[in-house]
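# Observations on the model geometry
Each chain, written out:
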Amino acid sequence: MTPNPNPSASVSFERNYPGVSPQLLAHTRQMWSARGLDLDRVWQDTIVRLRGFRNAEEWNIGADSRPIDNFFMFDQAIIWVAALHASAGHAVRTEQTGLSVQQWESLHALTFRMIEQLDAIRVLFLTDLPTPSMQIARSISEDVDMALAFVARPKLARRFVECATTDEATEFWRRHIAGGRAFKAVSEQLYRAGLEFDQSGEYAAWRRRVGAILGTAVHTSFRPVRTDGPGAASGQFSKTGDCLYFVTLRLQEMCAYSHGLRTEFGEDLAAVSKLDQSGAAGGLAKLTPLISEIAMAQMIWTLDVDDTEEVTV
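## Section: a positive patch on the surface
- A grouping of Arg-153, Lys-155, Arg-159 and Arg-175 is seen on the molecular surface, where their side chains present a positively charged patch.
- With respect to the secondary-structure elements, Arg-159 resides in helix H6 (residues 154-161).

## A closer look at helix H2 (residues 39-46)
- Those residues of H2 lying buried are Leu-39, Val-42, Trp-43 and Thr-46. Here the buried residues of H2 occupy an arc of 100 degrees about the axis, which is enough to place them on one side.
- Two or three places before Asp-40, at the start of H2, stands the capping residue Asp-38, its side-chain oxygen 3.2 Å from that residue's backbone nitrogen.

## As for the environment of Pro-154
- Tracing the backbone through its elements, the reader meets Pro-154 in helix H6.
- Taking the C-alpha atoms as reference points, Pro-154 and Gln-102, 52 residues apart in sequence, are found 7.4 Å from one another.

## Comments concerning the packing of aromatic side chains
- Per the counting criterion, the structure on display carries 12 aromatic pairs.
- For the pair Trp-43 and Phe-53, a centre-to-centre distance of 6.1 Å together with 75 degrees between the ring planes defines the contact as edge-to-face. Of the two residues, Trp-43 is situated in helix H2 and Phe-53 in the loop between H2 and helix H3 (66-91); the sequence distance between them amounts to 10 residues. With respect to burial, Trp-43 and Phe-53 carry one shared label: buried.
- Where Phe-160 meets Phe-172, the ring centres are 5.6 Å apart and the plane angle is 50 degrees; that geometry is what we call tilted. A residue pair is termed long-range when its members are at least 10 positions apart, and Phe-160 in helix H6 and Phe-172 in helix H7 (residues 166-176) qualify at 12 residues.
- Classification of Phe-172 by relative accessible area gives buried; the value is 6%.
- An aromatic cluster is defined as three or more aromatic residues linked by ring pairs; in this entry it consists of Phe-13, Tyr-17, Trp-43, Phe-53, Phe-71, Phe-72 and Phe-125.

## Focus on the packing of H3 against helix H4 (residues 101-126)
- At a minimum axis distance of 9 Å, the contact between H3 and H4 shows a crossing angle of 155 degrees. The angle between H3 and H4 falls in the class roughly antiparallel. Read as a crossing pair, H3 and H4 show a hand that is left-handed. Residues Pro-67, Phe-71, Phe-74, Asp-75, Ile-78, Val-81, Ala-82, Leu-84, His-85, Ala-88, Gly-89 and Ala-91 of H3 form the contact with H4, whose participating residues are Trp-104, Leu-107, His-108, Thr-111, Phe-112, Met-114, Ile-115, Leu-118, Ile-121, Arg-122, Phe-125 and Leu-126.

## Describing the confidence of the model for the protein
- Overall, the predicted model of the protein reaches an average pLDDT of 80, with 74% of residues at or above 70.
- Below pLDDT 50 for its whole length, residues 221-238 participates in 27 contacts with residues either more than four positions away or in separate chains.
- Throughout residues 308-313 the model reports pLDDT below 50, and contacts reaching past four residues in sequence, or to other chains, amount to 12 contacts.

## Thoughts on the packing of helix H1 (residues 22-34) against H2
- At a minimum axis separation of 10 Å, H1 and H2 run at an interaxial angle of 95 degrees. Classified by the angle their axes make, H1 and H2 are roughly perpendicular. Contacts between H1 and H2 involve Thr-28, Arg-29 and Trp-32 from the first element and Leu-39, Asp-40 and Val-42 from the second.

## A word on the pattern of salt bridges
- Evaluated as defined, the whole model comprises 12 salt bridges.
- Note that Arg-29 and Glu-14 form a salt bridge whose closest N and O atoms lie 2.9 Å from each other. Taken together, the residues span a long stretch of sequence, with Arg-29 in helix H1 and Glu-14 in the segment before H1 at a distance of 15 residues.
- We note a salt bridge from Arg-262 to Glu-264, for which the minimum N-O separation is 3.6 Å.
- Since its relative accessible area comes to 16%, Arg-262 is described here as buried.
- Three or more residues are tied together by salt bridges with common partners; here these are Glu-14, Arg-29 and Asp-40.

Reading the values: rules and limits
- Residues numbered from 1 in each chain as written.
- Predicted model: local features only at pLDDT ≥ 70, side-chain atom pairs only at ≥ 80, totals over all residues.
- Heavy atoms only, no water.
- Patch = residues over 30% accessible without salt bridge, like charges linked within 9 Å, V, L, I, M, F, W, Y side chains within 5 Å.
- Areas by Shrake-Rupley, 256 points an atom, 1.4 Å probe, with all protein chains shown as cover.
- Salt bridge = Lys/Arg side-chain N within 4 Å of Asp/Glu carboxyl O.
- Lys, Arg positive; Asp, Glu negative; His and termini not counted.
- Charge placed at Lys NZ, Arg CZ, Asp CG, Glu CD.
- Helix = DSSP H or I, 4+ residues; strand = E, 2+ residues; numbered from the N terminus.
- Buried < 20%, exposed > 50% of the residue type's maximum accessible area, 1.4 Å probe, protein only.
- Arc of directions from axis to C-beta.
- Polar contact = N/O pair within 3.5 Å; in protein donor to acceptor, adjacent residues only side chain to side chain.
- Phe/Tyr/Trp six-rings, centres within 6.5 Å; stacked < 30°, edge-to-face > 60°.
- Axes fitted to C-alpha atoms, helices over the stretch in contact; angles between N-to-C directions.
- Parallel < 35°, antiparallel > 145°, perpendicular 65-115°, else oblique.
- Left-handed = near helix turned anticlockwise from the far one by under 90°.
- Contact = heavy atoms within 4.5 Å.
- pLDDT = per-residue confidence, 0-100.

Pasting the structure below:
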């Protein structure tokens, strides 16, 4: 994270989410305060420090709060990625965790890339540019699968960090990541860990449909993807907010599944948190275990809410 020179960055937390659901705002604040965390300060240290940060307080959302709710939850997910990135940066300097140094190095590199991508999607959402949002969303989803594969497979992480040339990196991607290979490996590991994950079930089918939709934005076609208006197909991504919903869910899954793939993952984060000797009120890495708890709780709460509402993706 780098300092943002934008003078409007001093605007308050809640004013950046005009029209957000009061229930969502209150529930989120309660989750943070219950763990003794200062949401406003962490938000200033993460979201406001994004290089593409823009003040959204003048954004007119109309009567429907769902777009701004998606935006709000998306920023919450960014905070978790930023916290994991900070933790990985400390963890690479120790061998006192269950994850190897190469696994932490892999996570550190991937989360850095993710933060830049999430920063870009945030800007594209505020400027309503859905097609590039979809392109980046697809890449983030692949990176989530890759990160989970690294958590589950130390040898794979070692091979990743040992790639010294572009050709080696391309070959690594082709053999281990491309074509859904990372997702398949992760789902198999989740099953072995005792978590229900049916690759032929409804969720997996939804993932494939979304992947196909995002793919149409990546690969140029004579028939462009319709993102709005009467020509937009039912169940497809109709607005940039749909990308935010999908990416947010994938990042929440990254948090939850990391703990499921390795029962010691939470203990590792707690051990790393002690390495953060920041003189501030609390370095971000110190807070990662609690922020992880919030991310998983938000995933459960969001899915429970969506069970009673129509989801557009």
